[in-house]
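One letter stands for each residue in the lines below.
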Amino acid sequence: RAVAMSVSHSSRLNKLVREQYMRLPQDGMVQVTYVWIDGSGEGVRCKSRTLDKEPKSIEDVPEWNFDGSSTAQAEGSNSDMFLVPVCMFRDPFCLDPNKLVLCEVLKYNRKPAETNLRHTCKKVMDLVKDSHPWFGMEQEYTLLGINGHPYGWPDNGFPGPQGPYYCGVGADKVYGRDIVESHYKACLYAGVKICGTNAEVMPSQWEFQVGPCEGIEMGDHLWMARFILHRVCEDFGVVATLDPKPMTGNWNGAGCHTNYSTEEMRREGGLKHIEAAIEKLSKRHDYHICVYDPRGGRDNSRRLTGHHETSNIFEFSAGVANRGASIRIPRQVGQDGYGYFEDRRPAANCDPYAVTEAIMRTTVLNETGVETKDYADH
């Protein structure tokens, strides 16, 4: 018996008809889609405008505004928010010469919106630029039908236990590969530094990796990769959730493991710098847990249980090749004596700006405790 998959109505519209319009010439005009993070700190929003020529750099894209009262970012009586372009990509949906532009959000008084965590991250990254921090983030996500149930799972039940799904092949082991491959190609076209993808341990769960990126570029590229993911899923009529524990029970949660190194860690003998950084992180565990999901650790507490390849949220641990530790040193790095390490604590719905900023504050700027220093005057 054929099972009707739970997909959105709009995904069933005739896409061949759409293609007829998409092929029409633009006569030198360019569509620019502005993308920003909304008041939830997790959701992305977008709107488009026409420019009369193709922007060659981010400076060619004008500031814009939007109604912040409709995105949980402003009062209705003073609702205009500024969109400040910060990073430009090719548009994989409308194709060249059209653009996707990631924006920072500023309030009416030109101060950063509460969920604009890029603003302070950029300050910190400018301060530590001589250490050349590289990041690579592993974004796990789960595909859901429009009914909120994991895509491809039985309507009234569960798939077989975890085991055959991780990096799996076959119609009975992976669900939604078309979406994953479309997202990968769209990111490559856009210029996002996507570097890989794989099926994850729970069926309908996937991962893509972005990096290596230096400094502020990590947050910019991961946020645009997330936007493209949601947009691709929209075309297929399904939903991508970044919930850190979308299914209770004996199922893996979803994280955003963060790989990190400085220039001195990547050089011969860098292991001692890696170990020194881990020692600093061990003394600031509570601070990092608070910024590794948008709800001060409450989301991550559902995931970091000490089971399902996680550490316990209340304890800091580190080890070589240990996926049950807070920090994992890859086996190859242990053998070579230099390289990078992986912070396995960030939740799938973390803000990459917050995560990368926190790591730099602790390991390079040598901050301690739960308070952060304001570097505005430096």
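In this text the structure is predicted, and so the values were computed from the model without any measurement.

Trainee: Could you clarify how one ought to interpret the pattern of salt bridges in this entry?
Mentor: Oppositely charged side chains can pair when the atoms bearing their charge come close. For the coordinates displayed, the defined rule picks out 25 salt bridges. In this structure, the salt-bridge partner of Arg18 is Glu19, at a minimum N-O distance of 3.7 Å. Assessed through its relative accessible area of 34%, Glu19 is described here as partly exposed. For Glu217, the salt bridge goes to Lys193, with nearest N and O atoms at 3.1 Å. A residue pair is termed long-range when its members are at least 10 positions apart, and Glu217 in helix 4 (residues 217-236) and Lys193 in the loop between helix 3 (177-190) and strand 7 (194-199) qualify at 24 residues. When its relative accessible area of 34% is taken as the criterion, Lys193 is described as partly exposed. Within this structure, Glu42, Asp243, Arg295, Asp299 and Arg302 form a network of salt bridges that share partners.

Trainee: Is there a simple way to explain the pairing of strand 7 in this structure?
Mentor: Consecutive residues of a regular strand have side chains that alternate between opposite faces of the sheet. Here strand 7 runs beside strand 8 (residues 205-214); their pairing, made up of five bridges, is antiparallel. Looking at the pairing, Ile194 lines up with Val210 of strand 8. Hairpin geometry of strand 7 and strand 8 is characterised by an intervening segment of five residues between the two adjacent antiparallel strands and by a positive phi of about 80 degrees at Ser204.

Trainee: Sorry if this is basic, but what is going on with the domain arrangement of the protein here?
Mentor: By a frequent convention, interface size equals the accessible area lost on bringing the separate parts together. By domain assignment, the protein separates into domain 1 (7-114) and domain 2 (123-362). Once you take the C-alpha centre of each, domain 1 and domain 2 turn out to be 26 Å apart. Across the contact, 23 residues belong to domain 1 and 26 residues belong to domain 2. The contact between domain 1 and domain 2 buries some 2100 Å² in all, and 70% of this surface belongs to carbon and sulfur atoms. A per-residue breakdown of the area domain 1 buries against domain 2 is headed by Glu42, Phe89 and Phe93, which together make up 30% of the total. The interface formed by domain 1 and domain 2 contains one salt bridge. Residue Arg295 is joined to Glu42 by a salt bridge in which the shortest nitrogen-to-oxygen separation is 2.8 Å. Along the contact surface separating domain 1 from domain 2 lie six residue pairs in polar contact (both at pLDDT 80 or more). For the side of domain 1 that touches domain 2, the secondary-structure elements that each account for two or more residues are helix 1 (15-22), strand 1 (30-37), strand 2 (44-51), strand 4 (80-90) and strand 5 (99-106). Of the residues assigned to the side of domain 1 that touches domain 2, the class counts are 13 nonpolar, four polar and six charged.

Trainee: What's the story with the packing of aromatic side chains in this structure? I'm lost.
Mentor: Here a ring pair, both rings aromatic, is described through the centre-centre distance and the interplanar angle of the planes. Per the stated rule, a full pass over the model turns up eight aromatic pairs. Note on Tyr141 and Phe208: the rings are 6.0 Å apart at their centroids and 50 degrees apart in plane angle, and the pair reads as tilted. With Tyr141 in strand 6 (residues 134-144) and Phe208 in strand 8, the pair connects residues that are 67 residues apart, well separated along the chain. By relative accessible area, Tyr141 is classed as buried at 1%. Ring geometry for Trp153 and Trp251: centres 4.8 Å apart, planes at 45 degrees, overall tilted. Taken together, the positions of Trp153 in the loop between strand 6 and helix 3 and Trp251 in the loop between strand 9 (239-241) and strand 10 (256-261) put the pair 98 residues apart, joining distant regions of the chain. For the pair formed by Trp153 and Trp251, the shared burial category is buried.

Rules of the game
- Residues numbered from 1 in each chain as written.
- Predicted model: local features only at pLDDT ≥ 70, side-chain atom pairs only at ≥ 80, totals over all residues.
- Heavy atoms only, no water.
- Salt bridge = Lys/Arg side-chain N within 4 Å of Asp/Glu carboxyl O.
- Buried < 20%, exposed > 50% of the residue type's maximum accessible area, 1.4 Å probe, protein only.
- Helix = DSSP H or I, 4+ residues; strand = E, 2+ residues; numbered from the N terminus.
- Pairing = 2+ DSSP bridges.
- Domains from an automatic or database assignment.
- Contact = heavy atoms within 4.5 Å.
- Buried area = accessible area lost by both parts, 1.4 Å probe.
- Polar contact = N/O pair within 3.5 Å; in protein donor to acceptor, adjacent residues only side chain to side chain.
- Nonpolar A, V, L, I, M, F, W, Y, C, P; charged D, E, K, R; others polar.
- Phe/Tyr/Trp six-rings, centres within 6.5 Å; stacked < 30°, edge-to-face > 60°.

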